[in-house]
Amino acid sequence: MRDFRIISTDRLTEDQQKQIEHILRECDQEFVPPISERTSTSQTDWSMEEKERGVAIYLKQLIKQHMLLAVQEEKVAGFLSYQDSFNCPILKEFPNCCYLTTLCVGHDSRGAGLSKLLYARAVNEIAERFPGAAVTLRTWSTNKAQLHILKELGFSCQTLLKDDRGEGVDTVYYVLSR
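Scope of this entry: the structure provided in the associated data block. (Residues numbered from 1 in each chain as written. Predicted model: local features only at pLDDT ≥ 70, side-chain atom pairs only at ≥ 80, totals over all residues. Heavy atoms only, no water.)

### Considering the pattern of salt bridges
Here's step 1: Enumeration according to the criterion identifies seven salt bridges in this entry.
Here's step 2: For the salt bridge of Asp-10 with Arg-129, the shortest nitrogen-to-oxygen distance reads 3.0 Å. Note that Asp-10 is positioned in the loop between strand E1 (5–9) and helix H1 (14–27) and Arg-129 in helix H3 (residues 114–129), a separation of 119 residues in sequence.
Here's step 3: According to the relative accessible area criterion, Asp-10 is partly exposed, its value standing at 43%. (Salt bridge = Lys/Arg side-chain N within 4 Å of Asp/Glu carboxyl O. Helix = DSSP H or I, 4+ residues; strand = E, 2+ residues; numbered from the N terminus. Buried < 20%, exposed > 50% of the residue type's maximum accessible area, 1.4 Å probe, protein only.)

Encoded structure:
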């Protein structure tokens with residue numbers, strides 16, 4: 001594995017923000033729906049109403065969240081963001097959870113195990129910073145690589161919203177309870 005450091009921060013530098021924006025734009029179309037079509041990091045209505053949306057809008061929300069950065073020689077290779085004290089309307093039985101909002105690894109750094117490393121580090125950090133808080137997230141049912149990692153880390157599927165993101169693409173909510 002390449003030599004990556006994981007940095008935890010609640011405040012990104014301007015350069016880090018630019019690097020994260022580059023990764024978001026690079027990976028935009030891999031998300032369902034694409035990040036460029038989203039209005040927020042916790043959006044639940046996927047209709048394309050007349051709302052302000054796009055990578056820049058999404059980034060404005062990301063920079064307000066806790067961030068874990070996978071860095072190699074001061075270059076951000078990937079990141080994971082999360083919100084604490086989050087109340088997800090779909091996961092009412094897990095109030096004040098820590099909600100993992102976005103995981104993204106740049107194309108040049110894939111295959112190095114960064115996604116699993118970022119998830120594991122987030123779980124450990126949350127256990128230290130927010131004892132007893134459930135760790136939650138959502139993804140789409142066709143995101144096989146992520147689903148595999150979640151299973152390995154002990155996350156369990158809590159809720160599935162059938163065809164929520166289009167025909168054959170469900171929204172799936174996962175929880176890691178402590």
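### Remarks on the packing of aromatic side chains
Here's step 1: Taken as a whole and judged by the stated rule, the model has three aromatic pairs.
Here's step 2: When the centroid spacing of 5.6 Å and the interplanar angle of 55° are considered together, the rings of Phe-31 and Trp-140 count as tilted. Of the two residues, Phe-31 sits in the loop between H1 and helix H2 (55–62) while Trp-140 sits in strand E5 (residues 135–140), which places them 109 residues apart along the sequence. With respect to burial, Phe-31 and Trp-140 carry one shared label: buried.
Here's step 3: Between Phe-86 and Tyr-99, the aromatic rings sit 4.4 Å apart at their centres with planes inclined by 10°, giving stacked as the arrangement. (Phe/Tyr/Trp six-rings, centres within 6.5 Å; stacked < 30°, edge-to-face > 60°.)

### Re the sheet that holds strand E7 (residues 171–176)
Consider a sheet: its strands pair through backbone hydrogen bonds, and that pairing is either parallel or antiparallel.
Here's step 1: Pairing within the open sheet is mixed, and its seven strands lie in the order E1-E2-E3-E4-E5-E7-E6. The outermost strands of the open sheet, each flanked by one partner alone, are E1 and strand E6 (156–161). Across the sheet, the mean angle separating the axes of adjacent strands is 25° when strand polarity is ignored.
Here's step 2: Relative to strand E2 (residues 66–72), E1 runs antiparallel, the two sharing five bridges. Considered in E2, the bridge of Ser-8 is made with Leu-68.
Here's step 3: Its contacts with the sheet put H2 on E2, strand E3 (75–86) and strand E4 (97–105), and the angle it makes with E4 is roughly 135°. (Pairing = 2+ DSSP bridges. Axes fitted to C-alpha atoms, helices over the stretch in contact; angles between N-to-C directions. Contact = heavy atoms within 4.5 Å.)

### Regarding the nonpolar core
Here's step 1: With 29 residues, the main nonpolar core has Leu-80, Leu-100, Tyr-119 and Phe-155 as its most contacted residues.
Here's step 2: Breaking this core down by element, the ones donating at least two residues are E2, E3, E4, H3, E5, helix H4 (144–152) and E7.
Here's step 3: Every residue in contact with Tyr-119, bar those within four places of it in the chain, is listed here: Leu-80, Leu-100, Leu-103, Leu-137, Gln-146, Ile-149, Leu-150 and Leu-153. (Core = buried A, V, L, I, M, F, W, Y, C linked by side-chain atoms within 4.5 Å.)

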